[in-house]
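Coordinate analysis (summary)
The chain contents come next:
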Amino acid sequence: MNIYSAISANKWKTWLVMSLFIVFITTIAFIFSRALGYGDAFIGVALIFAGISSFGSYYFSDQLVLATVGAQEIEKKDNPELFRIVENLAIGDGIPMPKIYIMNDPSPNAFATGRDPKHAVVCVTTGILDRLNKAELEGVIAHELSHVKNFDTRLMGIVAILVGFVAILAQMFMNNLWWGGGRRDDEERGNSQAIFMIVGIIFAILSPIAASLIQLAISRKREYLADASGALLTRYPEGLASALEKIAKDPRPVRGASNATAHLFIANPFKGKDAGAWFAGLFDTHPPIEDRIRILRNM
Amino acid sequence: MWIAIVIIAAILLFIWASYNSLITAKIRIGEALSQIDVQLKRRTDLIPNLVETVKGYAKHEKELLTDITNARTSLMKAGSLEEKAKANNAISDTLKSLFAVSENYPQLKANENFLQLQEELSDTENKIAYARQFYNSTVMDFNTKLQVFPTMIFGNMLGFKPAEFFAATEEEKKSVKVKF
């Protein structure tokens, strides 16, 4: 498929998954509250808790991540070529120039974060600067800037809030089950309540995992979208394809990465994992590299 | 009676939304156009420094240096868009000749200042290209909105006309001949 259809395909797939996610959450919230005999205030409280806990990490996402990986901000004179690449691509995308950071790590990788284009940050490892040529580096930076332009940090932040919400709901349900509480009304209500209770228990166990799987599916779609948007910016998909090939060849994991930051990197920072069975792929934040390279080369 | 009111309200809301969407897209085109000018000005600002550096080493190229300075002056005097475009093209041409000619002066080529200016100017050309690319993407966005189904009904009525993409002139499309 061409660049434009890749972009629109990934956009509508994101919204499809988000809608299904909302339906999923509404369903389990409904089941839990009916099972316990609670009203809807219970849902509101869970949402607020989830919102508060995740909002902080979204709002300060740039500073948090940079602090964890130990990156240093650079000015134009520190690395004029990198600076110019970022500056020119930002002009091409019509976004303000992001701050540029370098992290000292031999593993070739890069990430971008920030709650909107005005507060954006792009970070590259020393490993990637050593290995890639100019066209490849442009492909990588274009991909990262696309994450910024597509407001992916904001989207994944919202998704994280929803996932947290699901986990809290499940937890609250299990707590209430264990410790009692909840209103048992008249007999009629009691029977349907029992059914909801059984369904509720099943959902309470499975829903946090399901929510995570949905979160990872959204993350993978956004990666494909950033690949396509980046290619549209450079008009040279081969640059990124070639860069991904080089990155895939390097088996070393990125030292500073954690589970919380993994989805921000251009390639899975926990290397050494092979594709394996298809369902193992469901737990990946990134799509398989071979697929990404193939799609880019067919644009 | 109620149905008629609801329908009319819906149509009005729709016209309002279409108008806002189109006018926003149109303003963005204007901004993108100005951003191209920002980069072109960068290039113009680098010229005096370039002329001074080259003068020191290539005294015989007086004609070329005068050409560049004249091109820059005519840009600063230019009023209409057409005059500006012509002046900018003149600057592009003279810069090309200047860098080609500098090949004959090894001492000039080794000069730090000259090398840095060359890099800056080359980078500025890249910036101009990206600015034009972005401008084209804003034009595409506006033209698409103007012509897709729901908005197209009211687009013309509200007075919007399609915008023009940035196009290279016939001269620019020809392959470059470098004459020493």
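Residues numbered from 1 in each chain as written. Chains lettered and ligands numbered in written order. Predicted model: local features only at pLDDT ≥ 70, side-chain atom pairs only at ≥ 80, totals over all residues. Heavy atoms only, no water.

1. Observations concerning the overall build of chain A
The number of helices and strands found in chain A is 11 helices and 4 strands. In chain A, which comprises 299 residues, the proportion classed as buried is 51%. (Helix = DSSP H or I, 4+ residues; strand = E, 2+ residues; numbered from the N terminus. Buried < 20%, exposed > 50% of the residue type's maximum accessible area, 1.4 Å probe, protein only.)

2. A closer look at the interface of chain A and chain B
Listed as interface residues are 14 residues of chain A and, on the opposing side, 12 residues of chain B. A buried area of about 1100 Å², summed over both sides, lies between chain A and chain B, and 46% of it is on carbon and sulfur atoms. Summed over the three residues of chain A that lose the most area to chain B, namely Arg-84, Asn-88 and Ile-91 of chain A, the buried surface amounts to 49% of that side. Where chain A touches chain B, the interface holds 5 salt bridges. Between Asp-123 of chain B and Arg-84 of chain A there is a salt bridge, with the nearest N and O atoms lying 3.4 Å from each other. (Contact = heavy atoms within 4.5 Å. Buried area = accessible area lost by both parts, 1.4 Å probe. Salt bridge = Lys/Arg side-chain N within 4 Å of Asp/Glu carboxyl O.)

3. Looking at the side chain of Arg-292 of chain A
Mapped onto the elements of the fold, Arg-292 of chain A is located in helix α11 (residues 289–297). In this structure, Arg-292 of chain A is in contact with His-143, Glu-223, Tyr-224, Asp-227, Leu-244, Ile-266, Ala-267, His-286 and Pro-287 of chain A, ignoring residues within four places of it in sequence.

4. A closer look at the packing of aromatic side chains
Residues and elements named next belong to chain B. Under the definition given, this model contains 4 aromatic pairs over all chains. Aromatic side chains Tyr-19 and Phe-160 sit 5.8 Å apart centroid to centroid with 45 degrees between the ring planes, which places their arrangement in the tilted category. Highlighted residues: Tyr-19 in helix α1 (residues 2–57) and Phe-160 in the loop between α6 (149–155) and α7 (170–173), separated in sequence by 141 residues. The exposure class assigned to Phe-160 is buried, which follows from its relative accessible area of 4%. Where Phe-99 meets Phe-114, the ring centres are 5.8 Å apart and the plane angle is 50 degrees; that geometry is what we call tilted. With Phe-99 in helix α3 (residues 81–101) and Phe-114 in helix α5 (residues 112–147), this residue pair connects regions lying 15 residues apart in the sequence. Grouping residues by exposure puts Phe-99 and Phe-114 together as buried. (Phe/Tyr/Trp six-rings, centres within 6.5 Å; stacked < 30°, edge-to-face > 60°.)

5. Here we look at the pairing of strand β3 (residues 110–113) of chain A
Residues and elements named next belong to chain A. Side-chain alternation along β3 places Ala-110 and Ala-112 on one buried face and Phe-111 and Thr-113 on a second face that is also buried. Examined bridge by bridge, β3 and strand β4 (residues 121–125) share 4 bridges and lie antiparallel to one another. For Ala-110, the partnering residue across the bridge sits in β4 and is Val-124. (Pairing = 2+ DSSP bridges.)

6. Description of the packing of α1 of chain B against helix α2 (residues 62–77) of chain B
All names here are of chain B. Packing of α1 against α2 brings their axes to within 10 Å, and their N-to-C directions diverge by 160 degrees. Comparing the axis directions of α1 and α2 gives the class roughly antiparallel. Between α1 and α2 lies a crossing of left-handed hand. When α1 is examined against α2, the residues Thr-44, Ile-47, Pro-48, Val-51, Val-54 and Lys-55 are found in contact with a partner set consisting of Leu-65, Ile-68, Thr-69, Arg-72 and Leu-75. Residues belonging to the contact of α1 with α2 are distributed by class as follows: 7 nonpolar, 2 polar and 2 charged. (Axes fitted to C-alpha atoms, helices over the stretch in contact; angles between N-to-C directions. Parallel < 35°, antiparallel > 145°, perpendicular 65-115°, else oblique. Left-handed = near helix turned anticlockwise from the far one by under 90°. Nonpolar A, V, L, I, M, F, W, Y, C, P; charged D, E, K, R; others polar.)

7. Topic: the pattern of salt bridges
When their charged atoms lie close together, side chains carrying opposite charge are able to pair. Throughout the structure, instances matching the rule amount to 24 salt bridges over all chains. In this structure, Glu-245 of chain A and Arg-297 of chain A form a salt bridge, with 3.0 Å as the shortest nitrogen-oxygen distance. Here Glu-245 of chain A is found in helix α9 (residues 237–249), whereas its partner Arg-297 of chain A is found in helix α11, with 52 residues between them in sequence. On the accessibility criterion, Glu-245 of chain A (32% relative accessible area) is partly exposed. Overall, the relative accessible area of 37% leaves Arg-297 of chain A in the partly exposed class. Sharing partners across several salt bridges, the network here consists of Lys-76, Arg-84 and Glu-87 of chain A together with Arg-42, Glu-119, Glu-120, Asp-123 and Lys-127 of chain B.

8. Some words on the sheet that holds strand β2 (residues 99–103) of chain A
Residues and elements named next belong to chain A. Strand order in the open sheet formed by 4 strands is β1-β2-β4-β3, with mixed pairing between adjacent strands. Both outer strands of the open sheet, β1 (72–73) and β3, are each paired with one neighbouring strand and no more. Against the sheet, helix α6 (residues 134–149) engages β3 and β4, with an angle of about 20 degrees to β3.

9. Topic: the packing of α1 of chain B against α3 of chain B
Residues and elements named next belong to chain B. Look at α1 against α3: their axes get within 12 Å of each other, and the N-to-C directions meet at 35 degrees. The interaxial crossing formed by α1 with α3 has left-handed handedness. Contacts from Leu-40, Arg-43, Thr-44, Ile-47, Leu-50 and Val-54 in α1 reach Asn-88, Ile-91, Ser-92, Leu-95, Leu-98 and Phe-99 in α3.

10. A short note on the pairing of β4 of chain A
With 5 of 5 residues buried, β4 of chain A is to be regarded as a mostly interior element. Burial along β4 of chain A is two-sided: the residues Val-121, Cys-123 and Thr-125 of chain A and Val-122 and Val-124 of chain A are all buried.

11. Thoughts on a nonpolar patch on the surface
Residues and elements named next belong to chain A. Taken together, the side chains of Met-174, Leu-177, Trp-178, Ile-198, Ile-201, Ile-202, Ile-205 and Leu-206 define a hydrophobic patch exposed on the protein surface, amounting to about 790 Å² of accessible area. For the nonpolar patch, the secondary-structure elements that each account for two or more residues are α7 (152–179) and α8 (187–234). Ranked by residue count, the leading element in the nonpolar patch is α8, at 5 residues. Note that Ile-201 resides in helix α8. Given a relative accessible area of 30%, Ile-201 falls into the partly exposed group. (Patch = residues over 30% accessible without salt bridge, like charges linked within 9 Å, V, L, I, M, F, W, Y side chains within 5 Å. Areas by Shrake-Rupley, 256 points an atom, 1.4 Å probe, with all protein chains shown as cover.)

12. What about the nonpolar core?
Among the nonpolar cores identified, the biggest contains 51 residues, and Leu-82, Leu-89, Ile-128, Val-140 and Ile-141 of chain A are the most heavily contacted of them. In terms of residue count, α5 of chain B provides more of this core than any other element does, 8 residues in total. Residue contacts for Ile-128 of chain A: discarding those within four places in its chain leaves Ser-107, Pro-108, Asn-109, Ala-110, Leu-137, Val-140 and Ile-247 of chain A. Of all hydrophobic cores here, the second largest spans 27 residues; its members include Phe-42, Ala-46, Ala-50 and Phe-165 of chain A. (Core = buried A, V, L, I, M, F, W, Y, C linked by side-chain atoms within 4.5 Å.)

Function-wise, these values are silent; they only describe arrangement.
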